[in-house]
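Residue-level listing of the chains:
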Amino acid sequence: MFLHRPIPAGKKELTSMWGFPDELKSWSWTGHEGEKMQVHVYTRSQLVKLELNGNGKIAGVGNGNPTDLTSLQQPRKSPWQGRCLAIVQPSGEAGKIVLTAKAEGLQECSLEIVAE
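Reading the values: rules and limits
- Here the residue numbers are simple positions, counted from 1 along each chain's written sequence.
- The predicted origin of the model limits local features to residues at a pLDDT of at least 70 and limits the giving and counting of side-chain atom pairs to 80 or more, whereas totals for whole chains, interfaces and linings rest on all residues.
- Excluding hydrogens and water, the side-chain figures rest on all heavy atoms present in the structure.
- Strands here mean DSSP runs of E at least two residues long; helices mean DSSP runs of H or I at least four residues long; both are numbered from the N terminus.
- Residue burial is assigned from relative accessible area. The probe radius is 1.4 Å, only protein chains are included, and a residue is buried under 20% of its type maximum, exposed over 50%, and partly exposed in between.
- Contacts: residue pairs with any heavy atoms within 4.5 Å of one another.
- Reported accessibility uses the Shrake-Rupley method at a 1.4 Å probe radius. Residues are deemed covered only where the shown protein chains occlude them.
- Charge counting follows a simple rule: Lys and Arg are positive, Asp and Glu are negative, and His as well as the terminal groups are ignored.
- The location of each charge is read from NZ of Lys, CZ of Arg, CG of Asp or CD of Glu.
- For this document, the term salt bridge refers to a Lys or Arg side-chain nitrogen within 4 Å of an Asp or Glu carboxyl oxygen.
- Buried Ala, Val, Leu, Ile, Met, Phe, Trp, Tyr and Cys residues form a nonpolar core when they are joined through side-chain atoms within 4.5 Å.
- DSSP bridges decide pairing: two strands pair if at least two such bridges lie between them.

(A) Local environment of the overall build of the protein. Within the protein one finds zero helices and nine strands. Moving toward the C terminus, one meets the helices and strands of the protein in the order β-β-β-β-β-β-β-β-β. Considering the protein as a whole, with its 116 residues, one finds that 32% of them fall into the buried category. Summarising the internal contacts of the protein: among those between residues at least 6 apart in sequence, 62% fall at separations of at least 24. For the protein, the exposed area adds up to about 7,700 Å²; of that, 52% sits on carbon and sulfur atoms. On the protein, the mean spot of the 13 positive side-chain charges and the mean spot of the 12 negative ones are 5 Å from each other.

Pasting the structure below:
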């Protein structure tokens with residue numbers, strides 16, 4: 001599970017077919033409190049379940065599949081090309097937010113986000 005580094009307002013990340021997005025396993029960026037952040041989950045499983053504990057909420061989920069019309073608000077998603085995306089939004093209160101991804105046949109993975 002990875003978080004995408006914040007992109008400055010008015011800027012856009014360009015990634016070639018051979019490149020990788022600017023993602024890290026954990027983060028703490030002062031000045032980005034309360035902002036939505038992209039969380040990417042990479043897996044071969046057919047379904048990924050996302051759980052969130054702490055001062056935040058899952059604002060949306062996705063997988064990049066242009067033909068997937070399932071809900072973007074449910075805490076689970078079928079990966080497309082091994083990828084899922086979770087957007088986590090802090091509640092505005094300082095504290096820890098723990099996002100956990102679970103998939104059948106794979107070890108669960110958790111990511112701790114510190115909201116300041």
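Having put the structure on the table, let's press on.
(B) Quick look at the environment of E35. Along the chain, E35 falls in the loop between strand 2 (23-24) and strand 3 (37-42). A C-alpha to C-alpha distance of 6.2 Å links E35 and Q89, two positions 54 residues apart in sequence.

(C) Highlighting the pattern of salt bridges. Here the structure, examined in full by the defined rule, presents three salt bridges. A salt bridge links K77 to D68, with the shortest nitrogen-to-oxygen separation between them at 3.4 Å. No difference in accessibility class separates K77 from D68, as the two residues are buried. Residues E108 and K102 are paired through a salt bridge, measuring 3.9 Å at the closest nitrogen-oxygen approach. In this structure K102 comes out as partly exposed when scored by relative accessible area, which is 29%.

(D) Quick peek at the environment of K57. Residue position: K57 is located in strand 5 (residues 56-62). Measuring from C-alpha to C-alpha, the distance between K57 and S91 comes to 7.1 Å, with 34 residues separating the pair along the chain.

(E) Quick look at the nonpolar core. The biggest cluster of nonpolar side chains holds 15 residues, and the ones touching the most others in it are V39, V48, L50, V88 and L99. Counting only elements with at least two residues in this core, the list comes to strand 4 (48-54), strand 5, strand 7 (83-90), strand 8 (95-103) and strand 9 (109-115). The element contributing the most residues to this core is strand 8, with four residues.

(F) Seen up close, the sheet that holds strand 8. Reading across the sheet, the four strands line up as 6-4-8-9 and stay open at both edges, with antiparallel pairing between neighbours. Among the strands making up the open sheet, the edge pair consists of strand 6 (76-77) and strand 9. Bridging between strand 8 and strand 9 involves seven bridges; their strand directions are antiparallel. Bridging from a neighbouring strand, A101 pairs with C109 of strand 9.

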